[in-house]
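Summary of structural features
Residues per chain, in single letters:
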Amino acid sequence: NNQAMSSTATSIPDGGETARPEPIFREINAQQTDEVVEIESACMACFQTGTTRLLPTKIPFFREVVLMSFRCEHCGHTNNEMQSASEIQKSGIKIELQVKSVADLNRRVVRSDNSCVSIPEVELEIPVQSQKGEVTTVEGIIERTIAGLSQDQEKRRIDHPEAAASIDAYVDRLHKLKEVATPFRLLLEDISGNSFIENPLAPSTDPQLKTTHFTRSQQQNEQLGLYEQNHEEQHLLKPIAEDEWPIENLHGEVLQFPTNCPNCQAPCETNMKLTNIPHFKEVVIMATVCGTCGHKTNEVKSGGGVEPQGVRFKVQITTKEDLTRDVLKSETCSLSIPELDLEVGPHALCGRFTTVEGLLVAMRDQLDGTFFHDSADDTTKQQMQRFLNTFDDIMKLERIITLVLEDPAGNTYVQSLSDDDSEPDDKLTVERYDRTFEDNEELGLNDMKTEGYEQKE
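Read on for a plain summary of the structure. (Residues numbered from 1 in each chain as written. Predicted model: local features only at pLDDT ≥ 70, side-chain atom pairs only at ≥ 80, totals over all residues. Heavy atoms only, no water.)

A tally of helices and strands in the protein yields eleven helices and 25 strands. Taking all 457 residues of the protein together, 37% fall into the buried category. Counting contacts in the protein only where the partners sit at least 6 residues apart, residues at least 24 apart contribute 64% of the total. With the model as given, the accessible surface of the protein reaches about 26,600 Å², and the carbon-plus-sulfur share is 48%. (Helix = DSSP H or I, 4+ residues; strand = E, 2+ residues; numbered from the N terminus. Buried < 20%, exposed > 50% of the residue type's maximum accessible area, 1.4 Å probe, protein only. Contact = heavy atoms within 4.5 Å. Areas by Shrake-Rupley, 256 points an atom, 1.4 Å probe, with all protein chains shown as cover.)

Let's shift gears to the packing of helix 2 (residues 138-150) against helix 4 (residues 161-179). Orientation of helix 2 relative to helix 4, taken along the N-to-C sense of each, is 165 degrees, at an axis distance of 10 Å. Taken together, the axis directions place helix 2 and helix 4 in an arrangement best described as roughly antiparallel. Judged by the twist between their axes, the crossing of helix 2 over helix 4 is left-handed. Seen from helix 2, the contacting residues are Glu139, Ile142, Glu143, Thr145, Ile146, Leu149 and Ser150; seen from helix 4, they are Ile167, Tyr170, Val171, Leu174, His175, Leu177 and Lys178. (Axes fitted to C-alpha atoms, helices over the stretch in contact; angles between N-to-C directions. Parallel < 35°, antiparallel > 145°, perpendicular 65-115°, else oblique. Left-handed = near helix turned anticlockwise from the far one by under 90°.)

Within the chain, Gln129 stands out as a residue other than glycine whose phi angle is a positive 70 degrees. Here Gln129 is to be found in the loop between strand 9 (124-126) and strand 10 (134-137). In the Ramachandran plot, Asp152 falls in the positive-phi region, its phi being about 65 degrees despite a non-glycine side chain. On the secondary structure map, Asp152 appears in the loop between helix 2 and helix 3 (153-159).

Here the focus is the nonpolar core. Within the largest apolar cluster, 29 residues are counted, with the highest numbers of intra-cluster contacts made by Ile337, Leu360, Met363, Phe391 and Leu405. Those elements that place two or more of their residues in this core are strand 18 (310-317), strand 20 (334-337), strand 21 (342-344), helix 9 (356-369), helix 10 (378-395) and strand 23 (401-407). With residues up to four places along the chain from it excluded, the contact list for Phe391 reads Ile337, Leu340, Leu342, Leu360, Met363, Arg364 and Leu367. By size, the runner-up hydrophobic cluster in this structure holds 25 residues, among which are Ile95, Tyr170, Leu186 and Leu188. (Core = buried A, V, L, I, M, F, W, Y, C linked by side-chain atoms within 4.5 Å.)

If you trace the four strands from one edge of the open sheet to the other, you get 14-15-16-17, paired in antiparallel fashion. Where the open sheet ends on each side, the last strands, each with one partner, are strand 14 (254-260) and strand 17 (296-302). In this sheet, adjacent strand axes meet at a mean angle of 25 degrees when their direction is disregarded. Pairing between strand 15 (residues 267-276) and strand 16 (residues 282-289): seven bridges, direction antiparallel. Of the residues in strand 16, the one forming a bridge with Asn271 is Ala287. (Pairing = 2+ DSSP bridges.)

What the rule picks out here adds up to 18 salt bridges. Of the charged contacts, one joins Glu406 and Arg312 as a salt bridge, the two residues approaching to 3.2 Å between their closest N and O atoms. Of this pair, Glu406 sits in strand 23 while Arg312 sits in strand 18, placing them 94 residues apart in sequence. For Arg312, a relative accessible area of 19% puts it in the buried group. Lys427 serves as the salt-bridge partner of Asp322, at 3.3 Å between the closest nitrogen and oxygen. Note that Asp322 is positioned in helix 8 (residues 320-323) and Lys427 in the loop between strand 24 (413-414) and strand 25 (428-433), a separation of 105 residues in sequence. On the accessibility criterion, Lys427 (27% relative accessible area) is partly exposed. Within the structure, one salt-bridge network assembled from shared partners comprises Arg312, Lys314, Glu406 and Glu431. (Salt bridge = Lys/Arg side-chain N within 4 Å of Asp/Glu carboxyl O.)

Moving on to the side chain of Thr136. Along the chain, Thr136 turns up in strand 10. For Thr136, a relative accessible area of 13% puts it in the buried group. If near-sequence neighbours (up to four positions away) are discounted, Thr136 is found in contact with Arg107, Arg108, Val109 and Ile141.

Here strand 22 (residues 352-355) shows one buried face, formed by Arg352 and Thr354, and one open face, formed by Phe353 and Thr355. Pairing analysis gives four bridges linking strand 19 (residues 326-329) to strand 22, with the strands arranged antiparallel. Residue pairing across strands places Leu328 opposite Phe353, the latter belonging to strand 22.

As C-alpha cells, this is what we get:
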C-alpha cells in the first residue's frame, strides 16, 4: 500500500518534474481537508451505499497512519478505523502498563490490527486480528469490550439466562476496573511493532511503563506476509569468485539502492559506504536525501558481529572540547542523562556517527518535534518547554551533565581526548560488563545456534 501511494503521489507529468511537492504523510493538523479521499462503499448495517473518508497523516510520537471514517446517510451507521501505513518494524514490541490511578485510564493507546491486548487481573484477552486498529485510550479499550459484551444481552437473557448472567457479572468486573480500586496491568503485544502507549512523563522515564522488543518467529513473519525466499533455488544470488571483489575495493566504493523516504514515503535513493574507524572497527554508513520533501537522514551499522561483552561509556561534559568528541552510536545503544532523569531507548535514535553535541541536538529535536503540541494541556506544555530550555543551558555549558551510552552489543565508540587515543581521558569512563539473559534475548543471542547448525532438529 505504501509503494502504491508513493507511486501515485510522485507520478511525473509532461513537464518532467515531480507532481507532488508535499510529503504524502504530513503532521496531523486542521488544514488537511484537501487531502481527504472519499470513496463509496457498502454499509454493513443496511447494505446501502455509504461514504468512506481516508486521511493519510502522521501521529506525533508515533508514525504514519491512515485514518478512515465511514458514514451511511440511509441508516446513520458510522464506523472509525485506523491502519498503520508505515513499514513493518524490524522486531515486535511488548508494552506493559501498570494502571494505578484514574488518570492512567486517559493515556493514549495506538494499536494496529496485529496487536494483542490483555488484562491478566480480569482474564481479559483481545486476540490478534479480532479488532481493527484504532487510536484510543486505556479506558476506551475497556469501554469497547463492555459494549461488545453487552450487545444482544436482552435477547440472551431470554434465550440463555445462565450465559447472560455470567456476562453481566463479568461486565460488572470491567466497570469496577475503571474505578481503579486496585492496580491492574494492561499488556500490549504487537508482532509488527506498530503500537504505542503514551508516556505522560516524557521525556523522563515512566516507572509504570515497560517496553521490550522481541524477534519474530517464522510463523509470526508469515502472519505479517513476510516470507523467506529460497535464493539457492531461485538463483537470485550467485556466488562471487575468490578475489573477484576484494574488501579493499569495497572501502572506496559508494553503493546506491532504491528506498522510500522515512518522512514522506516518496521513492528516493540511499548511499552506502564501508569505512574504518581508528581504534574501533569497520562500520557501514548510509545516507538518504529525499528530493520530494528535502528530509535528510544518516545511519550507521556495525560491520562486525556482537562483542563478547557489553560496553558502557560515561562522558562528563564541562567544556566545548567535550562537545566535539566523535561518537559512534549503534542501533542497540541506549542513552541517558542521570542529572535530568532522562533515558532514551536504543530504538528512539537510529545508529549514527556524530559528535557529543550532535547527539544532544538530535535528542532535543526529537523531543521537540514529536510531542503532542496541539493536544497537550498548558501544564504539560510548560513542563516540556522547561525541559527543552535545560537542554539549551547544557549546549551553552551553563549546566554540567554526564552522558551515559550503554550498548549490550558492544558496538558503540566514544573518542578519547588523551594523547593516547586508545586510552580514556579523565572525563571519559569505559566499563565492560557481562550481558544479562534479557540483554541476550533482545539481541536474539539466546536462540542462536553456533554449533551443529547444519543438522536438522
